[in-house]
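Listed below, chain by chain, are the residues.
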Amino acid sequence: ESGSSVGEEMDYEIVGIEPGAGIMKATTSAIEEYDSLKGWELIESSSAAMAAELGKAIEDEEPVIVTGWTPHWMFAKYDLKYLEDPQGLYGEEENIETFARDGLKEDKSSAHTILDQFKWSPEDMNAVMVEIQEGAQPEEAAKNWVNEHTDMVEEWTNGADEVEDEEISLAYVAWDSEIASTNVVAQVLMSMGYDVELTQLDAASMFIAVSEGDADAMVAGWLPITHADLLDEYGDTMERLGPNLEGAKTGLVVPSYVEADSIEDLKP
Ligand code: PBE
């Protein structure tokens, strides 16, 4: 075959996000496990910079490969595909799960009830993400979504009493999906009278904060694969409240014009 390979055109670089994200660990394994990724490099970046690089490459019609996930607004904005992962390193479907610190149920039962009942769909999360991407402040987009979905919010707050002068802290990571979910939950807790503090951390620090009781809860645990190591390490010292979203996914993502369908189609 003549001409440059897809890999060559991409400089054998995968555009990553924040170090510490599960998808960065999975991609490091992928580079070790797939012969087709021999010699490729995973570039540490941030979620925002990754999305910007993807957008720029698409504008220039150049090949690019990023660590991606759904729900994410970039699938609404661009024509993208996941590269097949025959070795299953990124897992199949992921759930996003809610975790509370031990004792939250006794200390702040109303918030605990709401966190336990919080559950929405990828489409719901996507709507909030798209509005933020189009320029709305996260609080504003979350407030709008909450105002337009009173039926769902009623389900989440069912059986929870309004409170006065109570504080609650939520830890999250600056992934677009978690900015959306955490702000929506914050708006609902605020509507019930809570004074909500949001703390932005990296993935491990988020698990540590909840496990040590420095944060009351988080809605950002991706399982069974993405945060499996963190669950292993900190899961015993927190309360697992179960999925708040089903049907999430992570993997290597390319614009649909890239001539590869599987990780195995890339060339070392
Ligand atoms: N993500 C988004 C995270 C979980 C949520 C896929 C970037 C991660 O890889 O840890």
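Residues numbered from 1 in each chain as written. Predicted model: local features only at pLDDT ≥ 70, side-chain atom pairs only at ≥ 80, totals over all residues. Heavy atoms only, no water.

Contact pair helix α7 (residues 122-133) / helix α10 (residues 176-191): the axes reach a minimum separation of 9 Å and the direction vectors enclose 105°. Judged on the interaxial angle alone, α10 and α7 are roughly perpendicular. Taking contact as the criterion, the partners of Met 125, Val 128, Met 129 and Ile 132 in α7 are, on α10, Asp 176, Ser 177, Ile 179, Ala 180, Ser 181 and Val 184. Broken down by class, the residue content of the contact of α7 with α10 amounts to 7 nonpolar, 2 polar and 1 charged. (Axes fitted to C-alpha atoms, helices over the stretch in contact; angles between N-to-C directions. Helix = DSSP H or I, 4+ residues; strand = E, 2+ residues; numbered from the N terminus. Parallel < 35°, antiparallel > 145°, perpendicular 65-115°, else oblique. Contact = heavy atoms within 4.5 Å. Nonpolar A, V, L, I, M, F, W, Y, C, P; charged D, E, K, R; others polar.)

We now examine the nonpolar core. Counting residues in hydrophobic clusters, the biggest one holds 92 residues, and the most contacted among them are Leu 37, Ile 65, Met 74, Leu 115, Trp 120, Trp 156 and Leu 189. Sort the elements by how many residues they give to this core and strand β9 (residues 238-255) lands first, with 7 residues. Mapped onto the domain boundaries, this core takes at least three residues apiece from domain 1 (6-92 + 250-265) and domain 2 (94-247). Once residues within four sequence positions are removed from consideration, Met 74 is found in contact with Met 50, Leu 54, Val 66, Gly 68, Leu 80 and Val 253. (Core = buried A, V, L, I, M, F, W, Y, C linked by side-chain atoms within 4.5 Å. Buried < 20%, exposed > 50% of the residue type's maximum accessible area, 1.4 Å probe, protein only. Domains from an automatic or database assignment.)

On to the domain arrangement of the protein chain, then. Along its sequence, the protein chain is carved into domain 1 (6-92 + 250-265) and domain 2 (94-247). A separation of 27 Å is found between the C-alpha centroids of domain 1 and domain 2. Listed by partner, the interface residues are 20 residues for domain 1 and 19 residues for domain 2. Taken as a group, Trp 69, Pro 71 and Trp 73 account for 37% of the area that domain 1 buries against domain 2, more than any other trio of residues on that side. Here domain 1 and domain 2 share 1 salt bridge between them. Ionic pairing is found between Lys 25 and Asp 229, a salt bridge with its closest N-O pair at 2.7 Å. At the junction of domain 1 and domain 2, the tally comes to 5 residue pairs in polar contact (both at pLDDT 80 or more). The class makeup of the residues in the side of domain 1 that touches domain 2 is 9 nonpolar, 7 polar and 4 charged. (Buried area = accessible area lost by both parts, 1.4 Å probe. Salt bridge = Lys/Arg side-chain N within 4 Å of Asp/Glu carboxyl O. Polar contact = N/O pair within 3.5 Å; in protein donor to acceptor, adjacent residues only side chain to side chain.)

Relative to the assigned elements, Thr 182 resides in helix α10. Spatially, the C-alpha atom of Thr 182 lies 13 Å from that of Trp 145, the residues being 37 residues apart in sequence. Beyond its immediate chain neighbours, meaning those up to four positions away, Thr 182 contacts Leu 170, Tyr 172, Leu 198 and Val 219. In terms of polar contacts, Thr 182 uses its side chain to reach the backbone carbonyl oxygen of Glu 178, at 2.7 Å.

Time to look at the site of the ligand. All residues in the neighbourhood of the ligand are listed as Ile 17, Ala 21, Gly 22, Ile 23, Trp 69, Trp 175, Glu 178, Trp 222, Thr 226, His 227 and Thr 250. Between an oxygen atom of the ligand and a main-chain N or O atom of Gly 22, the distance comes to 2.6 Å. Separating an oxygen atom of the ligand from a side-chain N or O atom of His 227 is a distance of 2.7 Å. Here the shell around the ligand is composed, by residue class, of 6 nonpolar, 4 polar and 1 charged. (Near = heavy atom within 4 Å.)

If you check helix α3 (residues 47-59), its first and last C-alpha atoms are 18 Å apart, about what 13 residues at 1.5 Å a residue would give, namely 18 Å. Among all positions of α3, only Ser 47, Met 50, Ala 51, Leu 54, Gly 55, Ala 57 and Ile 58 are buried. Buried positions in α3, seen along its axis, are confined to an arc of 165° and lie on one side of it. Turned more than 90 degrees away from the buried face of α3, the exposed residues are Ala 48, Lys 56 and Glu 59. Looking at the buried positions of α3, the neighbouring elements they touch are β1 (13-15), β3 (66-70), α4 (74-77), β4 (80-82), α10 and β9. Once α3 finishes, Glu 61 follows within two positions and takes phi at roughly 55°, a positive value. (Expected span 1.5 Å × (residues − 1). Arc of directions from axis to C-beta.)

Following Thr 70, the chain continues to Pro 71 via a peptide bond in cis, the omega torsion being 5°. Within the element layout of this structure, Pro 71 appears in the loop between β3 and α4. Following Leu 223, the chain continues to Pro 224 via a peptide bond in cis, the omega torsion being 15°. Along the chain, the position of Pro 224 falls in the loop between β8 (217-223) and α12 (228-234).

Take the pairing of β8 next. Each regular strand carries side chains that alternate between the two faces of the sheet. Of all 7 residues making up β8, 7 are buried, and the element is well covered by its neighbours. As defined by bridge partners, strand β5 (residues 94-101) adjoins β8 across 5 bridges and the pair is classed as antiparallel. What sits directly across from Ala 100, in β8, is Ala 217. (Pairing = 2+ DSSP bridges.)

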